[in-house]
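Spelled out, the chains give:
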Amino acid sequence: MPSPSLPVRLLRPFALFAVLVVALLYYSYPSALRLHNAGHFLIARPLYLISAVAGNDRAQHNLATMHMEEEGGLYNPSAAAYWYTRAARQGSDLSAASLGAMYLEGIGVDADPEKAIALLEQAADKGNEDSIVLLGKLYSDGIDGVQKNGEKARNWYQQGAERNIPAAQHGLAKLLASGELVPRNLQQAEFWYLKAARRGHALAQLELGLLYLEQRGSATGLKGAHVWLTEASRQKETAAEAQSHLSTLCRHNPALKCERAAQGPTLGALLPPSAR
């Protein structure tokens, strides 16, 4: 058999090196992910870096998050912003959402509400639930340099509400109940409050109870207030306020039998999953 030509012999080491590099790049991300999940941050971080430099958007996102969480190194928001930017440009909704939040707060980058909104919209358009809710909140509350806009707030909350995101259902209900930025619609507000409340959203339960409390002249209003204030009183976030309103309600309406009602299972536990 004739021996390989000189050019072939010279190229062999480079070909072997190229195969090793490809193998390293291929296996660095899954290896880094396993190590990261196991808490071996010091080893995971350089492996993420190898894969991130090669263009893996998931590695770029996880590496950025490690910089933010001080995992395997010092807190470095500027480095995190760099890698989130690289991943967001490749279409990562998680990175776009994280980077958008950083531009809102001016963490690792100069605060820029316009860039923040663009990034959050990029993430929301891909179905990122946190971004959908945050956009609704930004436009409804007018925070972090974003001007209030009722139509935009309703649009984002509506998108989230129709996706069965409890926080978006609550935000939409609150927007419709207040009437500050969009025309007041208590019927629709009640509908979305119920959706969120049945899925265990504490603030929705509290505010729905208060909405019914405004209708205390009717039997439906009293019963609804009692049911949902009782639910809210069982949640840490709303317990104190709900218990205060519930105490007043029960004191003036002894027929509600509040003590017995408060000892039963939560309404959410009694509902079938399809109704929550």
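Residues numbered from 1 in each chain as written. Predicted model: local features only at pLDDT ≥ 70, side-chain atom pairs only at ≥ 80, totals over all residues. Heavy atoms only, no water.

## A look at the pattern of salt bridges
Thought 1: One pass over the structure, following the stated rule, counts 5 salt bridges.
Thought 2: With its nearest N and O atoms 2.8 Å apart, the salt bridge here joins Glu 151 to Arg 154. Residue Glu 151 and its partner Arg 154 are located together in helix α8 (residues 150-162), separated by 3 residues, close to a single helical turn.
Thought 3: Here Glu 151 falls in the partly exposed class, since its relative accessible area comes to 48%.
Thought 4: Residues Arg 234 and Glu 231 are paired through a salt bridge, measuring 3.0 Å at the closest nitrogen-oxygen approach. (Salt bridge = Lys/Arg side-chain N within 4 Å of Asp/Glu carboxyl O. Helix = DSSP H or I, 4+ residues; strand = E, 2+ residues; numbered from the N terminus. Buried < 20%, exposed > 50% of the residue type's maximum accessible area, 1.4 Å probe, protein only.)

## Observations concerning the confidence of the model for the protein
Thought 1: Taken residue by residue, the protein gives an average pLDDT of 87. The fraction at 70 or more is 82%.
Thought 2: Looking over the protein, one finds the lowest element-wise mean pLDDT in helix α15 (residues 267-270), namely 47, and the highest in helix α4 (residues 77-89), namely 98.
Thought 3: Counted against residues more than four places away or in other chains, residues 260-265, with its pLDDT under 50, gives 10 contacts. (pLDDT = per-residue confidence, 0-100. Contact = heavy atoms within 4.5 Å.)

## Comments concerning the packing of helix α11 (residues 202-213) against helix α13 (residues 239-252)
Packed helix pairs are specified by the crossing angle of their axes together with the interaxial distance, meaning the distance between the axes.
Thought 1: Between α11 and α13, whose axes approach to 10 Å, the crossing angle comes to 25°. Considered as vectors, α11 and α13 are oriented roughly parallel to each other. When you trace α11 past α13, the crossing you get is left-handed. Between α11 and α13, the residues in contact are Leu 206, Leu 210 and Leu 213 and Glu 241, Ala 242, His 245 and Leu 249, respectively.
Thought 2: Tallied by class, the residues present in the contact of α11 with α13 amount to 5 nonpolar, 1 polar and 1 charged. (Axes fitted to C-alpha atoms, helices over the stretch in contact; angles between N-to-C directions. Parallel < 35°, antiparallel > 145°, perpendicular 65-115°, else oblique. Left-handed = near helix turned anticlockwise from the far one by under 90°. Nonpolar A, V, L, I, M, F, W, Y, C, P; charged D, E, K, R; others polar.)

## Focus: the packing of aromatic side chains
Thought 1: Within the structure shown, the criterion is met by 3 aromatic pairs.
Thought 2: Ring geometry for Tyr 29 versus Tyr 48: centroids 6.0 Å apart, planes at 45°, classification tilted. With a gap of 19 residues between them, Tyr 29 in helix α1 (residues 6-37) and Tyr 48 in helix α2 (residues 41-53) connect regions that are remote in the sequence.
Thought 3: Under the relative-accessibility criterion, Tyr 29 is labelled buried at 10%.
Thought 4: Both rings, one in Tyr 82 and one in Trp 83, keep their centres 4.8 Å apart while their planes meet at 80°; by these two values the pair is edge-to-face. (Phe/Tyr/Trp six-rings, centres within 6.5 Å; stacked < 30°, edge-to-face > 60°.)

## Structural notes on the packing of helix α5 (residues 93-105) against helix α6 (residues 113-125)
Thought 1: Their axes nearest at 8 Å, the elements α5 and α6 cross at an angle of 160°. Judged on the interaxial angle alone, α6 and α5 are roughly antiparallel. For the pair α5 and α6, the sense of crossing is left-handed. Contact residues: Asp 93, Ala 96, Ala 97, Leu 99, Gly 100, Ala 101, Tyr 103 and Leu 104 in α5; Lys 115, Ala 116, Leu 119, Leu 120, Gln 122 and Ala 123 in α6.
Thought 2: Looking at the contact of α5 with α6 residue by residue, the classes come out as 10 nonpolar, 2 polar and 2 charged.

## What to know about α8
Thought 1: Between the first and last C-alpha of α8 there are 18 Å, a value that for 13 residues agrees with the 18 Å anticipated at 1.5 Å per step.
Thought 2: Along α8, the positions that sit buried rather than exposed are Gly 150, Ala 153, Trp 156, Tyr 157, Gly 160 and Ala 161. Down the axis of α8, the sector holding all buried residues measures 140°, keeping them to one side.
Thought 3: Looking at the packing, one finds that the buried side of α8 touches α6, α7 (129-141), α9 (166-178) and α10 (186-198).
Thought 4: The residue sitting at the N-terminus of α8 and contributing the capping side-chain oxygen is Asn 149; that oxygen lies 3.2 Å from the backbone nitrogen of Glu 151.
Thought 5: Directly beyond the C-terminal end of α8, a positive phi value near 65° is found at Asn 164. (Expected span 1.5 Å × (residues − 1). Arc of directions from axis to C-beta. Polar contact = N/O pair within 3.5 Å; in protein donor to acceptor, adjacent residues only side chain to side chain.)

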